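For reference, the chains in residue letters:
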Amino acid sequence: MKTFIRRVSIVIVFIISSVNIFALGGGTSNADFLKIGVGGRPSAMGEAYTGVADDANGAFWNPAGLTAVDHMTVSLMYLIWFADTYYTTASAVIPMNAENTLGLSIYYLGVPAFDSTKNSSGFFSGLGEVPASYDLAITGSYARLLGDICAKDFTISNISLGVNLSLIKRAIMGVDLDSTMLVDIGFMANITDDLKLGLVVKGIGSATKGDQSPLSVNMGMSYNIAEIKDISILLAADLIKPLDTTNSSYNVWNSGIGVELVAYKIFALRAGYKFGHERETSRSSFTIGAGVDLSSFGSVDYAFMPDNVLGNTHRISLSVKFGDSRPLPTINYPWSYRETIKPVHKYIAKKPDKVNGLSINKYDECLFLYWNASLDDSVVGYNVYCLKSPSNEFVKLNTILLKENKMTIEKIQERSDYYFKVTAVNKEGIESDMSEECLGISD
């Protein structure tokens, strides 16, 4: 009897498109099921994931975060929902190169068909066989790493832009509804090594037969606490503002906080709390979960979200990684600090070894420079620098890279001292430190 009533209730929910059991408040929109959180890890952290979004789940929470995914990844989630209703998601993220990432996701919420005449009490017995209902979203994602903004005393690193384009299809009791398109636009950036900020505008789209798109602005931040005795701690917080005017909580700001403790980079415990949601749902606002991260192989995550009336929900997700990893961006530094630290490049790249063995022979009015060829396969050429006494500044002599480990200096001035240094340059255009100087003296 209870199961039957729940099934009928959920069909009614589909008919009136209410969001009372889903998330951000009452109202009517054409894709309310997209307010159900995706992924065991984000759900366990109170759905405070806008400023994290560093895995395949990022396609849902903030597409800009996909630039932090270093492997081709496939993620699956199964949500045990109310009264045999189920929510299944599948996402694939493909890093194309250092700057560009693509993703494809499918989100499916289904209510099974059932026979209302089997209710002995006669409740809704006139419905007979009730066909299945479903909501489906197919989402394509694109993320690009834009670069850095550096000033004298601060920097904003790894600024990323992400876009989702979703096709929404729905059917209620076997009747297909009009399809619609939705767009999400997200941004992500590192303020420091450990602090990230995220912003995403979700659910941009047109109304369909009076149903508004589930438009909202989500802002988030995350902070990594330094590892202590093989335990790392991630803190996260989100602030959400619904923008669809049909939402009864249109003027209300919702928020969430989450924490993740990871031991030995393998075992994770998570917890979170969602503020503001008690007004709209029977769902308790705390969340909890755990996970196992198998490094380059993938991860398994679980989240538990209790509900005081409709029952507890369990979310299980699996992520599997494929292929080689791509180099992730490093964090740049303010210009004022660069004299005290090594230069940091946008991507991890090794500086060529310093050139050695520089020697000079003189013949007539020419100086012949020789040095040992670099053993580094990435080196594509050399630069030669000269200081002529009494100047105190080395000036590069060649206008194009020298392919051979030698150079001839012609028509040198008499009774002048020349000092030379040589550098090696690799395929990425990174130049080595200067070699030891060598003195060439004219007669």
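Residues numbered from 1 in each chain as written. Predicted model: local features only at pLDDT ≥ 70, side-chain atom pairs only at ≥ 80, totals over all residues. Heavy atoms only, no water.

What follows deals with the overall build of the protein chain. Scanning the protein chain from N- to C-terminus turns up three helices and 24 strands. Classification of the 443 residues of the protein chain by burial places 46% in the buried group. Nonlocal contacts in the protein chain, meaning residues at least 24 apart in sequence, comprise 57% of its contacts between residues at least 6 apart. For the protein chain, the exposed surface amounts to about 21700 Å²; the carbon and sulfur share of it is 60%. (Helix = DSSP H or I, 4+ residues; strand = E, 2+ residues; numbered from the N terminus. Buried < 20%, exposed > 50% of the residue type's maximum accessible area, 1.4 Å probe, protein only. Contact = heavy atoms within 4.5 Å. Areas by Shrake-Rupley, 256 points an atom, 1.4 Å probe, with all protein chains shown as cover.)

Mapped onto the elements of the fold, L261 is located in strand 13 (residues 254–263). Accessibility expressed as a relative area gives 38% for L261, which makes it partly exposed. If near-sequence neighbours (up to four positions away) are discounted, L261 is found in contact with S232, I233, F267, A268 and L269.

Covered by surrounding structure in strand 1 (residues 72–80) are T73, S75, M77 and L79 only, the residues M72, V74, L76, Y78 and I80 on the alternate face being uncovered. One ladder, built from nine bridges, connects strand 1 with strand 17 (residues 313–322); its direction is antiparallel. Bridging across to strand 17, L76 finds its partner in L318. Pairing of strand 1 with strand 2 (residues 86–95) involves eight bridges; the strand directions are antiparallel. In the sheet register, V74 faces strand 2, and the bridge partner there is A92. (Pairing = 2+ DSSP bridges.)

Quick look at the sheet that holds strand 19 (residues 366–370) now. Pairing is antiparallel in the open sheet, where three strands are placed in the order 18-19-22. The sheet is open, and its two borders are formed by strand 18 (359–363) and strand 22 (406–409), each paired with just one other strand. Here the average twist between neighbouring strands, direction ignored, is 20°. The pairing of strand 18 with strand 19 spans five bridges and is classified as antiparallel. Paired with Y363 across the two strands is C366, which belongs to strand 19. (Axes fitted to C-alpha atoms, helices over the stretch in contact; angles between N-to-C directions.)

Here we come to the pattern of salt bridges. Considering all chains together, one arrives at 10 salt bridges under this definition. For E47, the salt bridge goes to R315, with nearest N and O atoms at 3.7 Å. Note that E47 is positioned in the loop between helix 2 (40–44) and helix 3 (58–61) and R315 in strand 17, a separation of 268 residues in sequence. In this structure, E47 and R315 share a single accessibility class: buried. Between E436 and K354 there is a salt bridge, and its shortest N-O distance comes to 3.3 Å. Residue E436 is located in the loop between strand 23 (417–426) and strand 24 (438–441), and its partner K354 is located in the loop between strand 17 and strand 18; the two are separated by 82 residues in the primary sequence. Taking relative accessible area as the criterion, E436 reaches 58% and is therefore assigned exposed. One network of salt bridges, with partners in common, ties together R41, D54, D55, E260, R270 and D301. (Salt bridge = Lys/Arg side-chain N within 4 Å of Asp/Glu carboxyl O.)

On the surface, M72, V74, L76, I94, M96, L102, Y142, V300, L318 and F322 cluster together into a nonpolar patch covering about 810 Å² of accessible area. Of all the elements in the fold, those that place two or more residues in the nonpolar patch are strand 1 and strand 17. With three residues, strand 1 is the single largest residue contributor to the nonpolar patch. By secondary structure assignment, the location of L318 is in strand 17. (Patch = residues over 30% accessible without salt bridge, like charges linked within 9 Å, V, L, I, M, F, W, Y side chains within 5 Å.)

Scanning the entire structure with this criterion turns up eight aromatic pairs. For the pair Y108 and Y134, a centre-to-centre distance of 5.7 Å together with 15° between the ring planes defines the contact as stacked. Residue Y108 is found in strand 3 (residues 100–111), and its partner Y134 is found in strand 6 (residues 133–150); the two are separated by 26 residues along the sequence. Judged by centre distance (5.6 Å) and plane angle (65°), the ring pair of W371 and Y382 falls under edge-to-face. Within this pair, whereas W371 is found in the loop between strand 19 and strand 20 (379–388), its partner Y382 is found in strand 20, the two being separated by 11 residues in sequence. When its relative accessible area of 6% is taken as the criterion, Y382 is described as buried. Over the aromatic face of F60 sits the side chain of K202, whose NZ or CZ is 4.5 Å from the ring centroid. (Phe/Tyr/Trp six-rings, centres within 6.5 Å; stacked < 30°, edge-to-face > 60°. Lys NZ or Arg CZ within 6 Å of the ring centre and 35° of its normal.)

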